[in-house]
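Here are the chains, one letter per residue:
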Amino acid sequence: MQDKDWFTHSIPPPDQQSGEAALERQATLTKPAGSLGRIEALAVHLAAMQSALRPQSKPLGIAVFAGDHGVAKEGISAFPPEVTAQMVLNFLGGGAAISVLAKRAKAQLCIVNAGTTRQDGYPEPVIDRPVGYGTRNFLEESAMTMQETLAALVLGRSVMDEYLTQCQIVVGGEMGIGNTACASALAAALGVAAVSDLVGPGTGLDEQGVFHKQSVIEKSLARIGDQPDPLRILTELGGYEVAALAGFYIRAAMLGITIIIDGFISSVAALVACKLNPDTRAWMLFSHTSQEPGHACVLQALQADPLLSLGMRLGEGSGAAIAYDLVDAACELHNKMATFDEAGVSDRD
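I will try to describe carefully the structure that is included in this document.

What counts and what doesn't
- Sequence order as written defines the numbering, with residues in each chain counted from 1.
- Only residues with pLDDT of at least 70 get local features here, since the model is predicted, and only at 80 or more are side-chain atom pairs given and counted; chain-wide, interface and lining totals rely on the full set of residues.
- The side-chain numbers reported here are obtained from all heavy atoms of the structure, hydrogens and water having been left aside.
- Segments assigned H or I by DSSP are reported as helices when at least four residues long, segments assigned E as strands when at least two residues long, and all are numbered from the N terminus.
- A helix is expected to span 1.5 Å multiplied by its residue count minus one.
- Only heavy atoms matter for contacts: two residues are in contact if any of them lie within 4.5 Å across the pair.
- With a 1.4 Å probe rolled over the protein chains alone, any residue whose accessible area is under 20% of its type maximum counts as buried; one over 50% counts as exposed, and the rest are partly exposed.
- In short, DSSP must find at least two bridges between two strands for them to pair.
- Aromatic rings from Phe, Tyr and Trp, with only the six-membered ring used for Trp, were paired whenever their centres fell within 6.5 Å, and each pair was classed as stacked if the ring planes differed by under 30 degrees, edge-to-face if by over 60, and tilted otherwise.
- Criterion for a charge above a ring: Lys NZ or Arg CZ within 6 Å of the ring centre, and within 35 degrees of the ring normal.
- The definitions used throughout rest on a 1 Å grid laid over the protein atoms alone, on which a cavity is an enclosed set of points accommodating a 1.4 Å probe that cannot get out and a pocket is an open set flanked by protein within 12 Å on both sides along at least five of seven lines; lining residues are those having an atom within 4 Å of a point.
- Grid points are joined across faces, edges and corners, and a volume is the space filled by probe spheres set on the points.
- Gly is placed with the polar residues, together with every amino acid not listed as nonpolar (Ala, Val, Leu, Ile, Met, Phe, Trp, Tyr, Cys and Pro) or charged (Asp, Glu, Lys and Arg).
- We define a nonpolar core as any set of buried Ala, Val, Leu, Ile, Met, Phe, Trp, Tyr and Cys residues linked to one another through side-chain atoms lying within 4.5 Å.
- Each reported salt bridge corresponds to a side-chain nitrogen of Lys or Arg within 4 Å of a carboxyl oxygen of Asp or Glu.

### So, helix 5 (residues 146–163)
Between its first and last C-alpha, helix 5 extends 26 Å over 18 residues, near the 26 Å set by a 1.5 Å rise per residue. Buried-residue contacts for helix 5 involve strand 1 (60–67), strand 2 (108–115), strand 4 (169–175), helix 9 (230–237), helix 10 (240–254) and helix 11 (264–276).

### Some words on the pairing of strand 1
With respect to burial, strand 1 is a largely interior element, eight of its eight residues being buried. Every second residue of strand 1 is oriented toward a common face, with L60, I62, V64 and A66 on one face and G61, A63, F65 and G67 on the other, all of them buried. Sheet topology places strand 1 next to strand 4; seven bridges connect them, and they run parallel. Residue pairing across strands places V64 opposite G173, the latter belonging to strand 4. Here strand 1 runs beside strand 2; their pairing, made up of seven bridges, is parallel. Paired with I62 across the two strands is L109, which belongs to strand 2.

### Comments concerning the environment of A252
Structurally, A252 can be placed in helix 10. Measuring from C-alpha to C-alpha, the distance between A252 and E316 comes to 18 Å, with 64 residues separating the pair along the chain. With residues up to four places along the chain from it excluded, the contact list for A252 reads M160, V170, I257 and I259.

### Re the pairing of strand 2
A regular strand carries its side chains on alternate faces of the sheet. The element strand 2 is largely enclosed, with a buried count of six among its eight residues. Across two bridges, strand 2 lies against strand 3 (residues 127–128) in parallel orientation. Note on strand 3: the bridge partner recorded for V112 is I127.

### Comments concerning the packing of aromatic side chains
For the structure shown, the criterion picks out three aromatic pairs. Linked through ring pairs, F65, F248 and Y249 together constitute an aromatic cluster. If you follow R118 out to its NZ or CZ, it ends over the ring of Y122, 4.8 Å from the centre. The side chain of R157 reaches across the aromatic face of W6, ending 4.9 Å from its centre.

### With respect to the layout of surface pockets
Its volume calculated, the largest pocket comes out at about 460 Å³. Surrounding the largest pocket, 28 residues form its lining, N179, T203, R313, L314 and G315 being those nearest its centre. For the lining of the largest pocket, the secondary structure elements donating two or more residues are helix 3 (83–93), strand 4, helix 6 (179–189) and helix 11. Top element by residues in the lining of the largest pocket is helix 11. It accounts for three residues. Here the lining of the largest pocket is built from residues that sort into ten nonpolar, twelve polar and six charged.

### Quick notes on the environment of A48
Its location among the elements puts A48 in helix 2 (residues 38–50). You can call A48 buried: its relative accessible area is 10%. C-alpha separation for the pair A48 and A296, spaced 248 residues apart in sequence, amounts to 27 Å. Those residues in contact with A48 that lie beyond four places of it in its chain are P14, D15, S18 and G19.

### Examining the nonpolar core
Counting residues in hydrophobic clusters, the biggest one holds 113 residues, and the most contacted among them are I62, V170, F248, Y249, I259 and M284. If you tally residues by element for this core, the top one is helix 10, at twelve residues. Contact partners of I259, with chain neighbours within four places excluded, come to V170, Y249, A252, A253, W283, M284 and L285.

### Points about the pattern of salt bridges
Counted under the stated rule, the structure contains ten salt bridges. Two residues, D325 and R104, come together in a salt bridge whose shortest N-O distance is 2.6 Å. Here R104 lies in helix 4 (residues 97–104) and D325 lies in helix 13 (residues 318–336), a separation of 221 residues in the sequence. Looking at D325, the relative accessible area reads 30%, which means it is partly exposed. Among the ionic pairs, D120 bridges to R118, the shortest N-O distance being 2.9 Å. Classification of D120 by relative accessible area gives exposed; the value is 63%. Among the residues examined, R118 registers a relative accessible area of 25% and is labelled partly exposed.

Now the structure itself:
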């Protein structure tokens, strides 16, 4: 796959016949029809994705992409930019939320330096392949060059291909000081909603800080004007980790692997992926509704119905890792519950 338009290639949809067969199995299990609600629908959806009567939830793969943002110098985050690199080391040391959750789920965790400002590298097993050392300030100029955007998309594809092709389900996470501003700008430029409806506190801005962040994004949107091309929008306003996530999602869909989408930034990356290749959408499950106000707008644009609403806004893939427990339970129930005949239980007929 050397062509630069690889991410636009057609992706087959999930297997409807397998989904219908799984639905028929659900009707034979020892419970009133529909009594497990969306857990039943999850199992049926996974069966269609895997072309299998009895879908599997393991192994789980999690890839967390880290990148820094030049716009952070505008004071749009409550934390300084050096926190991105520090958190990569925290992921590595097992002290971050996603590290704990990945261990709990027995998941394969890939930590990817897509482009932090740290130039002396990271110890293994960090996948240290920076596209650049932080993007440019999109208030003043394009955040990335087109070459960098394409390279970041390929990075996401490569992580999928090299590390996680044996997984049944994957989660994409992100880390990058300034990336809620990036996500808000991308969502606004892609026509999701007005900037004022999308901008939130991110890492903990106060009301004045949120207003300042909104102003920076509005000026940035005025700089680029109306852009119909999502790839150009990603180049102007995106981040290395956001573009890599989009490439990761598209490649997972191409491989027929179920994707659990995390919170606000991950959902904006999912939106970008779907703009670049609409076929990707059929392979996505949405984990939760973030407390970040723009997330609900992005979910609506994606016609997504998330599984949970827990007031989370951490990122890292943490909400998706928690929602994975529901997906895992859905598979276990679908596969291991007895049928009426097996249990010798009379059904309603």
